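Structural description and commentary
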Amino acid sequence: MSCSGNKGAKDTCCETQNQPTGLLDASESRREFLWDAVKNFTFGALTLTVIPMFIEKADAEEVHTGKDGKETKGHTVIFGYLVDTTKCIGCGGCMLACKKENDVPDGQFRTWVERYVYYADGSVRVDANLKGKFAFSELPPINPKEVLKSFFVPKLCNHCTDTPCIQVCPVGASYKTKEGVVLVDYEQCIGCAYCVQACPFGTRFINTKTQTADKCTWCYHRIQHGEKPACVDVCPTGTRTFGDINDPESEISKALAENRIDVLKSYLGTRPKTRYIGLTAEVV
Amino acid sequence: MMPHAGEFIFPNDLNGVAWTVMIVLYPYITGLVAGAFVVAALYHVFGRKELAPVARFALAASFSFCAFATLPLLLHLHQPQRAFFIMFMPNFTSAMAGFGFIYSFYLTLLAVEILLVFRTDIVAMANEKGVRSLLYKLLSLGVLRETAKSKEIDAKWVHALSVLGIPAACVLHGYVGFIFGGIKANPWWSTALMPVIFLASAIVSGIAMLIVLYIVFSKIRRVKVDDECLRSMMKTLWLFLILAVVLESLELLNMAYEAGEEWHILSRLVTEKLRFSFVYVQLIIGSAIPFVLLLIGWMKKTGPRTRVTLGMISGLLVLVQVLSMRFNVVIGGQMLSKSFRGFVEYIPEWQGREGILVAIGVFTMPFVLLAAVSQILPVWKIDAHDHQA
Ligand code: SF4
Ligand code: SF4
């Protein structure tokens, strides 16, 4: 299975930054384009790739991929993902669905659900059920009397806007599609695992079956055809929302506008496109 | 395996670290290349004539290590058949992508310098009769005549290459440090000091290796160890050891003093997980003890035989220090789960492509090559104009 997607235009210029935290980055911006151009010049000049790179960037700006795979004139789709932790019940359905959909090997995870338990003595316990059906109901119960609060946090690739994983890949096997989805070209990956080291969120792994880097693709094979990622489809509580953050009318855009939104490890400046509602300082 | 309360590592970390002993070996071997070259350069460029007995050998050693510097990397790749992609479709925002180029440049530079340094001997042997001369004919690149003029030009080139080789060696190894230093996701790696630390420890390891090899080869050849040469190497090693250890400690001190967000887990990494390999081996056995031994060793009063013993012991200890430093950086850094709430298990593997046995095999190869080179070329010959010195 190869998710090579739209490799013609490995695009980094379509998302923009309105705030340093990168929570809002859905509109086009010339400044960003110029900054990318400057960055590319610095690296590219060394290898005389300046001109092709500029052409590539220009191409990327011209091409518009429409919503649901159809072309919509003048509109660029940027996918985003929102996790509302206040809704998650820790059933593990998403983990199961992901494993089935993407043939993820046992003991490796494209998505997982963490549980945070805050005790009266000030301690915090974090765990996850990584076995069976992944449901927290399968784990030994905790004593509610000792607990102040507790909640679940689903994790997955953040499809960062400024990706350390793409930055470090020595052969360009990690790349970003026009829609801002971060993917691995399994035919090109040399399996050096540098990206595994560079991802601050522990979402990458060397797939034991394919022996290449692997991680969540937001089910790129589905979303290209207007479907939702398997985890979003299967979630019974609507914890996970997926859609075009460049379309103000989409469900996700409305949710992003109406809620207090956070991202993981914002201090690292990767500007994730997987966003969260209801995080606490303990969630990393 | 479920982490106990309070500890939580990201699920994909349960499979262990992604970079194993091969990635420990890779900067170790690269460091020896750079370090050995520095000794040769001290002689060729900085006029440290007392190093004449090891000058040629240092070049041969640097070349032998360099020849195998990429092997551990290759063995580590999960798709080794695609290794050449690094050269043909490099992504230059990656700190790893330039390695192939820097490495090839450096290996070529070393090979050319060796051919020039040994040129007079190669030409002489190429002009002899017998099958053996064929090899030297090859090494002479077909030019079997030497004139006073050509010798002069060659000498100039050797000097130029030695000069050029110094920044090249610095780039080669500083760059290896950057592979780690540039990873902001990992607070144990992410420091601008990393390239400098790697460079300093590379020089340290290279000099230590030369001291050990010089003594061993002298015993095998049944010749006396040149006291001035050994003393000079020990003094240089002592200086660079101080530099390396100060840099390594400064980095840690800075982390501890700033005591930022991740210090709670870093301090546990140092005092619990790496207590043996960092505190005991790297700091005490590998740094403090050789510091004293080298100090005694390079003092004028110390007798030549004691110096040899001290040189051998401290050389070996320093080699262990640098190896443990590589381990503590490469493996230690990965023990830190990015959840910063627990540690990734590292279980050394003996067998398999990335196992310790293969690593030992890989590390033996440069020595085999070096032994072969020293059979083919007069690596112990002292340049004619330095005989009096
Ligand atoms: S979460 Fe990790 S793998 Fe995903 S885009 Fe960000 S850095 Fe890359
Ligand atoms: S493992 Fe593959 S995708 Fe990751 S950095 Fe190496 S070559 Fe790139």
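Scoring rules and cut-offs
- Residues numbered from 1 in each chain as written.
- Chains lettered and ligands numbered in written order.
- Predicted model: local features only at pLDDT ≥ 70, side-chain atom pairs only at ≥ 80, totals over all residues.
- Heavy atoms only, no water.
- pLDDT = per-residue confidence, 0-100.
- Helix = DSSP H or I, 4+ residues; strand = E, 2+ residues; numbered from the N terminus.
- Contact = heavy atoms within 4.5 Å.
- Domains from an automatic or database assignment.
- Buried area = accessible area lost by both parts, 1.4 Å probe.
- Salt bridge = Lys/Arg side-chain N within 4 Å of Asp/Glu carboxyl O.
- Nonpolar A, V, L, I, M, F, W, Y, C, P; charged D, E, K, R; others polar.
- Buried < 20%, exposed > 50% of the residue type's maximum accessible area, 1.4 Å probe, protein only.
- Pairing = 2+ DSSP bridges.
- Axes fitted to C-alpha atoms, helices over the stretch in contact; angles between N-to-C directions.

A few words on the confidence of the model for chain B. All names here are of chain B. The pLDDT averaged across chain B works out to 93; a share of 97% of its residues lies at or above 70. In the model of chain B, helix α7 (residues 132-139) stands out as the element of lowest mean pLDDT, 90, in contrast to helix α13 (residues 304-335), which has the highest, 97. pLDDT under 50 marks residues 1-5. Its contacts with residues more than four places away, or in other chains, come to seven contacts. Complex prediction metrics read pTM 0.87 and ipTM 0.92.

Looking now at the domain arrangement of chain B. Residues and elements named next belong to chain B. Looking at the assigned domains, one finds that chain B contains domain 1 (23-181 + 353-384) and domain 2 (214-346). One C-alpha centre belongs to domain 1, the other to domain 2, and the line joining them spans 25 Å. Tallying the contact residues gives 17 residues for domain 1 and 17 residues for domain 2. Carbon and sulfur atoms supply 77% of the area that domain 1 and domain 2 bury against each other, a total of about 1,600 Å² over both sides. The largest contributions to the domain 1 side of the interface with domain 2 come from Val24, Tyr28 and Trp380, which together make up 40% of the buried area. The interface formed by domain 1 and domain 2 includes zero salt bridges. Of all the elements in the fold, those that place two or more residues in the side of domain 1 that touches domain 2 are α1 (21-44), α2 (52-67) and α8 (148-181). With seven residues, the single largest contributor to the side of domain 1 that touches domain 2 is α1. Among the residues making up the side of domain 1 that touches domain 2, the classes are represented as twelve nonpolar, three polar and two charged.

Right, let's get into the pairing of strand β9 (residues 240-244) of chain A. Regular strands place side chains that alternate from one sheet face to the opposite one. Residues and elements named next belong to chain A. Counting buried residues in β9 gives five out of five residues, a clear majority hidden from the surface. One ladder, built from five bridges, connects strand β1 (residues 79-84) with β9; its direction is antiparallel. Bridge pairing in β9 links Tyr81 to Phe242.

Neighbouring strands of a sheet are bound in pairs by backbone hydrogen bonds; such pairs are parallel or else antiparallel. Residue and element names in this part refer to chain A. Within the open sheet, the three strands sit side by side as β3-β2-β4. Their pairing is antiparallel. Two strands bound the open sheet, and with one partner strand each, they are β3 (124-127) and β4 (147-156). Sheet twist, expressed as the mean angle between neighbouring strand axes with direction ignored, is 15°. Here four bridges tie strand β2 (residues 111-119) to β3, and the two strands are oriented antiparallel to one another. Counterpart to Arg115 in the pairing with β3 is Asp127.

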